[in-house]
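# Per-entry structural report
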Number of protein chains: 2
Amino acid sequence: MQVIDGGVNAAKGFMASGAEAGIKYKNRKDMALVYTKSPAVCAGTFTKNVVKAAPVLWDIDIVRQEEAVHAVVLNSGIANACTGGEGRKINERMAEKTAKALGVGTKQVCTASTGVIGMQMNMDAVEAGIQQLAKGLSDSREAAAAAASAIMTTDTVCKEAAVTLEISGKKVTVGGMAKGSGMIHPDMATMLSVVTTDAVIGAGLLKKITTAVVAESFNMISVDRDTSTNDTFLVLANGEAENDEIMEGTKECEDFMEALTYVAVTLAKKMAADGEGATKLFETKVTGAGTKEDAVILAKSVITSNLVKTAVYGSDANWGRILCALGYSGVEFDPEKVDITITSAAGTLQLVENGKAADYSEELATGILSESSVTVVCDMKLGECEAVAWGCDLTYDYVKINGDYRS
Amino acid sequence: MQVIDGGVNAAKGFMASGAEAGIKYKNRKDMALVYTKSPAVCAGTFTKNVVKAAPVLWDIDIVRQEEAVHAVVLNSGIANACTGGEGRKINERMAEKTAKALGVGTKQVCTASTGVIGMQMNMDAVEAGIQQLAKGLSDSREAAAAAASAIMTTDTVCKEAAVTLEISGKKVTVGGMAKGSGMIHPDMATMLSVVTTDAVIGAGLLKKITTAVVAESFNMISVDRDTSTNDTFLVLANGEAENDEIMEGTKECEDFMEALTYVAVTLAKKMAADGEGATKLFETKVTGAGTKEDAVILAKSVITSNLVKTAVYGSDANWGRILCALGYSGVEFDPEKVDITITSAAGTLQLVENGKAADYSEELATGILSESSVTVVCDMKLGECEAVAWGCDLTYDYVKINGDYRS
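Residues numbered from 1 in each chain as written. Chains lettered and ligands numbered in written order. Predicted model: local features only at pLDDT ≥ 70, side-chain atom pairs only at ≥ 80, totals over all residues. Heavy atoms only, no water.

### Section: the interface of chain B and chain A
Residue-level contacts link 52 residues of chain B with 53 residues of chain A. Across the chain B/chain A interface, buried area totals approximately 4500 Å², and carbon plus sulfur atoms make up 57% of it. Our count for the contact surface shared by chain B and chain A stands at 2 salt bridges. The shortest N-O distance in the salt bridge between arginine 88 of chain B and glutamate 336 of chain A comes to 2.8 Å. If you look at where chain B meets chain A, you find 9 residue pairs in polar contact (both at pLDDT 80 or more). Within the residue set of the side of chain B that touches chain A, elements represented by two or more residues are helix H2 (84-102), helix H8 (306-313), helix H9 (319-327) and helix H11 (396-403) of chain B. (Contact = heavy atoms within 4.5 Å. Buried area = accessible area lost by both parts, 1.4 Å probe. Salt bridge = Lys/Arg side-chain N within 4 Å of Asp/Glu carboxyl O. Polar contact = N/O pair within 3.5 Å; in protein donor to acceptor, adjacent residues only side chain to side chain. Helix = DSSP H or I, 4+ residues; strand = E, 2+ residues; numbered from the N terminus.)

As structure tokens, this is what we get:
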């Protein structure tokens, strides 16, 4: 597997574009399109929020019916959530107009929206945007970047990742884009992500792999514990690499899964690092847990604690808050066995040994926590299971961004 | 029932004091004592965190064994949590020295600590503090306030409440104090609260009533979802009112429970309003839920959402975030039935009707949300059950306080 510079149109046969439709923002791209002429099999995972946005309901239906998919049309600015029957009609028209512009079926177009909840979209703006998008489709690097930047809301950086690998003598590419910086939490968030691949793979296996990959990537990040109405992760495979079909249980399947995991984890980490107001990527690794499930719960409990997150912001080795967050996670363990170590580019330091303060230098600890990417390792000494979760620090800017997001 | 000006020594036979022991803070009270010459029956509820501080383990044992209690000794500055066997020894000595100064048994003294996790207390300072406390004991209003202020950490105001009522022709008083502003969350928090009463009541019934009261008060507040290692709520009843013993299922029992609930809810709301960095008390009432349990989960989900809390801070009627927080609570409901109304001293306004924006004035909404106490009412239209939860807004100052709490 090789990491390459690329985005959502890196795989053979995929094109992308971004456009300024004026849905909510001025002078800013707010619509994106991903297109493949060859029909793609499509897998997806979606928000578990009871309140689901219109595009989420639309895509769930497409994925469930295993429709061949040719395109994904996305917009930022307005989430098309809590918009009732009118919102669902607008969403369907967005798919329909896109399908018409591309000469494909309406049910072959997935939709995704992100932005403010409760507002209706202006259909004239959307339709004009779709015309621009269809004209702008390209397999260029710039077109991928334009699509990725068009789905940003409070994101400060554009999120893309791509890799290539060889399967049965053919070059296979996996590339994708994502957005999301607030309302990010396990069980998906106000995140949108589209990953494309030219691999030949059946719809059933792609679904299985996608579910497993999401569990290790997007469902292990959290910015603020708020799960949104719009979270969508779509994987499209158009088969243009012409490899022998990937079959379950083979080395090829493992390789493909590794590639998809790399792209998803990279996008997920970029999301966590770009959490609203964040100054640091904050990783928690739990080792020595009794079960995988316990390891996941413990790691998530640490990265979601507001008190731990503010301590990380302040580069304060306040390990009591970490132990406390492990303690209220609901997992049983012996507090007097736990070891806690911090690590970053500046070094590694053990803070806690058997539940009590280790003999460490506060100065050294502050130095390690002052880096832009810091990891906390919690060894529970109960078993062999591990999990990694990613979050970010909680800062003044998170409050600023969310105290007046709409104004 | 009559609300009176009073605190933890308002009930007959109780005395209190506060002292500067120099445990961590300089020139600031950091130890408190509550004492009753007549032995008291004692009920308590404690943190559910797996990591329990030494004083929590001590008190759990006393309450379980139904020891007659004469005193509670408390300190702020250091939490005596994650301090291992040495911390447990220090805690026991704190009880022992207090018992000696008061001429009671060691196991008749409850302990409570709050502050930084992981540091050991200086026993010399604690012992000197205990001598001061024993000398300073008084039934004066000032002594109660001194005790209440001595347990403050990042609290900005002292929290006390008291009421009187008549039971079988005798005047009964219930009074208490509390502290807590960060790490406040359902299942208790880094909160300490001691309530005293002169009522005659059996230990078993007092326990039952205390559990029910906590469910409606301290377990319905949240500042930051972090449940601490030290949360302690103790109720002492010394029987000096000489009323006929309160029996289960009687009008007298109901009256007493109402009084205890009033004191506990008042203290809990003061805690929420004084949440770290908070500018507003934020109440959420859920009506029309299918079950009481659902109502509790929904109300808590709204008050704990960082995105709702920052919107409340910004006086922004961003109801999509409220609906979203209801949606990810785990409770099933029909989003297209929900009504949301906001209310404060400035008026009442419906924001959402049947899951969609009602026709309301943003200006009026901002006016209502600008008050120092705001309520959101969510009507699920599924049944008859209700719950109320209290929290606060999330502000720059929360980040400031917790970004460098230890420095």
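### Concerning the relation of the copies chain B and chain A
Expressed as a screw transformation, the operator carrying chain B onto chain A has a rotation angle of 180 degrees and an axial translation of 0.0 Å, and the superposed copies differ by an RMSD of 0.0 Å. The operation mapping one copy onto its partner corresponds to a two-fold rotation axis. Taking C-alpha positions as reference, the residue of chain B nearest the rotation axis is tyrosine 396 of chain B, located at 2.5 Å. Comparing contact sets, 100% of the residues at the interface of chain B also lie at the interface in chain A, consistent with an isologous, same-surface contact. (Least-squares fit on C-alpha atoms with pLDDT ≥ 70 in both.)

### So, the environment of alanine 81 of chain B
Residues and elements named next belong to chain B. With respect to the element layout, alanine 81 can be found in the loop between strand E4 (69-78) and H2. The class for alanine 81 is buried, based on a relative accessible area of 0%. Note: C-alpha distance between alanine 81 and serine 228 (147 residues apart in sequence) is 9.6 Å. When residues no more than four places from it in sequence are discounted, the contact partners of alanine 81 are Ala53, Ile117, Gly118, Thr229 and Asn230. (Buried < 20%, exposed > 50% of the residue type's maximum accessible area, 1.4 Å probe, protein only.)

### Quick word on a nonpolar patch on the surface
A cluster of nonpolar residues, Met1, Val3 and Tyr262 of chain B, forms a patch on the protein surface that exposes about 270 Å² of accessible area. Its place among the elements puts methionine 1 of chain B in the segment before strand E1 (2-4). (Patch = residues over 30% accessible without salt bridge, like charges linked within 9 Å, V, L, I, M, F, W, Y side chains within 5 Å. Areas by Shrake-Rupley, 256 points an atom, 1.4 Å probe, with all protein chains shown as cover.)

### Considering helix H7 (residues 292-304) of chain A
A rise of 1.5 Å per residue sets the reference length of H7 of chain A, with its 13 residues, at 18 Å; its end C-alpha atoms lie 18 Å apart and thus fit the reference within 8%. Tucked inside the fold, the buried residues of H7 of chain A contact strand E10 (281-289), helix H8 (306-313), helix H9 (319-327) and strand E15 (385-392) of chain A. (Expected span 1.5 Å × (residues − 1).)

### A word on the packing of helix H1 (residues 54-64) of chain B against H2 of chain B
A pair of packed helices is captured by two measures, namely the crossing angle of their axes and the spacing between those axes. All names here are of chain B. One way to put it is that H1 packs onto H2 with a least axis distance of 9 Å and a crossing angle of 55 degrees. As the angle between them shows, H1 and H2 are arranged oblique. Considering how the two elements wind past one another, H1 and H2 form a crossing that is right-handed. Between H1, through Ala54, Pro55, Leu57 and Trp58, and H2, the contact on the second element is made entirely by Gly87, Arg88, Asn91, Glu92 and Ala95. Grouping the amino acids of the contact of H1 with H2 by side-chain chemistry returns 5 nonpolar, 2 polar and 2 charged. (Axes fitted to C-alpha atoms, helices over the stretch in contact; angles between N-to-C directions. Parallel < 35°, antiparallel > 145°, perpendicular 65-115°, else oblique. Left-handed = near helix turned anticlockwise from the far one by under 90°. Nonpolar A, V, L, I, M, F, W, Y, C, P; charged D, E, K, R; others polar.)

### Notes on the pattern of salt bridges
Residue and element names in this part refer to chain A. If you walk through the whole model with that rule in mind, you get 28 salt bridges over all chains. The shortest N-O distance in the salt bridge between arginine 141 and glutamate 160 comes to 3.1 Å. One end of the pair, arginine 141, is in helix H4 (residues 141-150); the other, glutamate 160, is in strand E6 (residues 159-167), and 19 residues separate them in sequence. Relative accessible area serves as the criterion here: at 27%, arginine 141 is assigned to the partly exposed category. Among the ionic pairs, lysine 208 bridges to glutamate 248, the shortest N-O distance being 2.9 Å. Of the two residues, lysine 208 is situated in helix H5 (residues 203-216) and glutamate 248 in the loop between strand E9 (232-237) and helix H6 (251-273); the sequence distance between them amounts to 40 residues.

### What to know about the sheet that holds strand E14 (residues 373-379) of chain B
Residue and element names in this part refer to chain B. Read across the open sheet, the 6 strands follow the order E13-E12-E11-E14-E10-E15; overall the sheet is mixed. Across the chains shown, the open sheet's two edge strands, defined by having one partner strand only, are strand E13 (356-357) and strand E15 (385-392). Bridge count between strand E12 (residues 347-353) and E13: 2 bridges; the pairing is antiparallel. Each residue of the ladder has a partner; that of valine 352, found in E13, is alanine 357. This element, helix H7 (residues 292-304), spans strand E10 (281-289) and E15 of the sheet and lies at about 20 degrees to E15. (Pairing = 2+ DSSP bridges.)

### A word on the sheet that holds strand E14 (residues 373-379) of chain A
Residues and elements named next belong to chain A. Spatially, E13-E12-E11-E14-E10-E15 is the arrangement adopted by the 6 strands of the open sheet, whose pairing is mixed. Since the sheet does not close on itself, it has two edges, and those belong to strand E13 (356-357) and E15, each with one partner. Here E10 pairs with E15 via 7 bridges, running antiparallel. When the bridges of E15 are listed, phenylalanine 282 appears paired with glycine 391. Sitting on the sheet, helix H10 (residues 362-369) is in contact with strand E11 (339-344), strand E12 (347-353) and E14, with an inclination near 125 degrees to E12.

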